[in-house]
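Notes for the structure review
One letter stands for each residue in the lines below.
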Amino acid sequence: MRKLSSNKYHNLYKCVERNKVMRAMRDNSLKTLDRSITHAYFKDLKKKQGVTIIEIGGYLGVLLPKLVETTGTKQYVALEPVPRFYQQLSKRIEDLSLQSRVTTYNFGLAKSKKELQISLRKDATSLLKDDKREGVHTETIKIFNVVDFFVQIGLGCNSLNLLTINCEGCEFDVIEILASTSLIDNIDFVQFQPHLIVFDDDQKYICMYCHIRELLARTHEIAYEYPHIWETWKRKGLL
């Protein structure tokens, strides 16, 4: 596991100070956000051969067809742990005749393997935000270890053009683990949506957010960012 240098810790503290007004930063990002950027930014990938994409948090397949069309990828992997959403995602892929290009898995990723109950809150469904209200529907989901998954799909030996993450809080585990190992060296672009909304403690969110940014900064650099809404990091030296 790679650790932060003393200089990186200094940068981490500066990041925490800078993001104390993250709610105002997020509100400004919402006003200026170009929602097409999450797929349009990667249009140049269409010039490459054998483009591979992994999406963590496939939900109902909103971003998936846009990225497939924009990049021309024939190797797209989508993970969606909630059975109800997974069924709808699979149906959408079938309706769009993308079965030959897209592989789906009905599980999520975290630091450790487990099986648990999750409260369904539409696109805000999160492992980090349980809903205790009476009558709220729950489903059993499966979670696998981040490293185990990426090693088994061959990331240690092969490159990944784009990892896109929108999983209501799991982005912190996924990015922290990948960026703490050499696996991150094989990923060209890391796109993710940080989720302040799933945390009750703003300070905890800021610390986690700044930590994964400092981890990413060792191998990647900012490609685009709408603070606390969407951002993408590009591997250093990538042409």
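Per an unreviewed UniProt entry, the recorded name for the protein chain is Methyltransferase FkbM domain-containing protein, and the organism is Magallana gigas.

Here the focus is the state of the cysteines. Here, the word disulfide means a covalent bond between the sulfur atoms of two cysteines. On inspection of all chains with the given rule, the structure shows two disulfides. One disulfide bridge connects Cys 167 with Cys 170, the sulfur atoms lying 1.9 Å from each other. In this structure, the disulfide formed by Cys 167 and Cys 170 twists by about -105 degrees around the S-S bond and is classed as left-handed. Across the pair, Cys 170 and Cys 167 agree in class, each one buried. Taken in sequence order, the bonded cysteines of the protein chain link in the pattern 1-4, 2-3.

Moving on: the sheet that holds strand β2 (residues 75-79). Ordered in space as β3-β2-β1-β7-β8-β10-β9, the seven strands form an open sheet in which the pairing is mixed. Whereas interior strands pair on both sides, the edge strands pair on one side only; in this sheet they are β3 (102-105) and β9 (220-226). Strand-to-strand twist in this sheet, taken as the mean axis angle between neighbours without regard to direction, amounts to 15 degrees. Each of β1 (52-56), β2, β3 and β7 (160-165) is contacted by helix α4 (residues 64-71), which is oriented at about 165 degrees to β2, the strand it contacts most.

Taken together, the three strands give an open sheet; going across it, the order is β4-β6-β5, and neighbouring strands pair in mixed fashion. What marks the edges here is a single partner per strand, and that holds for β4 (108-110) and β5 (114-119). Recorded for the sheet is a direction-independent mean angle of 45 degrees between the axes of neighbouring strands. Across six bridges, the pairing between β5 and strand β6 (residues 138-145) is antiparallel. Within β6, the position partnered with Ser 119 by the bridge is Thr 138.

Another aspect to go through is the packing of aromatic side chains. Counted under the stated rule, the structure contains 15 aromatic pairs. With centroids separated by 5.7 Å and ring planes inclined at 10 degrees, the aromatic side chains of Tyr 205 and Tyr 209 adopt a geometry described as stacked. Of this pair, Tyr 205 and Tyr 209 both sit in helix α8 (residues 202-216), four residues apart, roughly one helical turn. Cluster of aromatic residues (ring-pair linked, three or more members): Tyr 41, Phe 42, Phe 189, Tyr 224 and Tyr 226.

Next up on the list: the pattern of salt bridges. Tallied over the full model, the rule gives nine salt bridges. Note that Arg 23 and Asp 202 form a salt bridge whose closest N and O atoms lie 2.9 Å from each other. Taken as a pair, Arg 23 in helix α2 (residues 22-32) and Asp 202 in helix α8 lie far apart in primary sequence, 179 residues in all. Look at Arg 23 and you get partly exposed, because its relative accessible area is 38%. For Glu 225, the salt bridge is made with Arg 213, and the minimal N-O distance between the two is 3.3 Å. Of this pair, Glu 225 sits in strand β9 while Arg 213 sits in helix α8, and the two are 12 residues apart along the sequence. The class for Glu 225 is partly exposed, based on a relative accessible area of 35%. Using a relative accessible area of 11% as the deciding quantity, one classes Arg 213 as buried.

A word on helix α7 (residues 171-179). With seven of nine residues buried, α7 is to be regarded as a mostly interior element. Lining the buried residues of α7 we find β1, β4, α6 (146-152), β7, β8 (187-192) and α8.

The residue Asn 145 is located in strand β6 in this model. A polar contact is formed between the side chain of Asn 145 and the backbone oxygen of Lys 111, at a distance of 2.7 Å. There is a polar contact of 2.9 Å between the side chain of Asn 145 and the backbone nitrogen of Asp 148.

Scoring rules and cut-offs
- Residues numbered from 1 in each chain as written.
- Predicted model: local features only at pLDDT ≥ 70, side-chain atom pairs only at ≥ 80, totals over all residues.
- Heavy atoms only, no water.
- Disulfide = S-S within 2.5 Å.
- Buried < 20%, exposed > 50% of the residue type's maximum accessible area, 1.4 Å probe, protein only.
- Pairing = 2+ DSSP bridges.
- Helix = DSSP H or I, 4+ residues; strand = E, 2+ residues; numbered from the N terminus.
- Axes fitted to C-alpha atoms, helices over the stretch in contact; angles between N-to-C directions.
- Contact = heavy atoms within 4.5 Å.
- Phe/Tyr/Trp six-rings, centres within 6.5 Å; stacked < 30°, edge-to-face > 60°.
- Salt bridge = Lys/Arg side-chain N within 4 Å of Asp/Glu carboxyl O.
- Polar contact = N/O pair within 3.5 Å; in protein donor to acceptor, adjacent residues only side chain to side chain.

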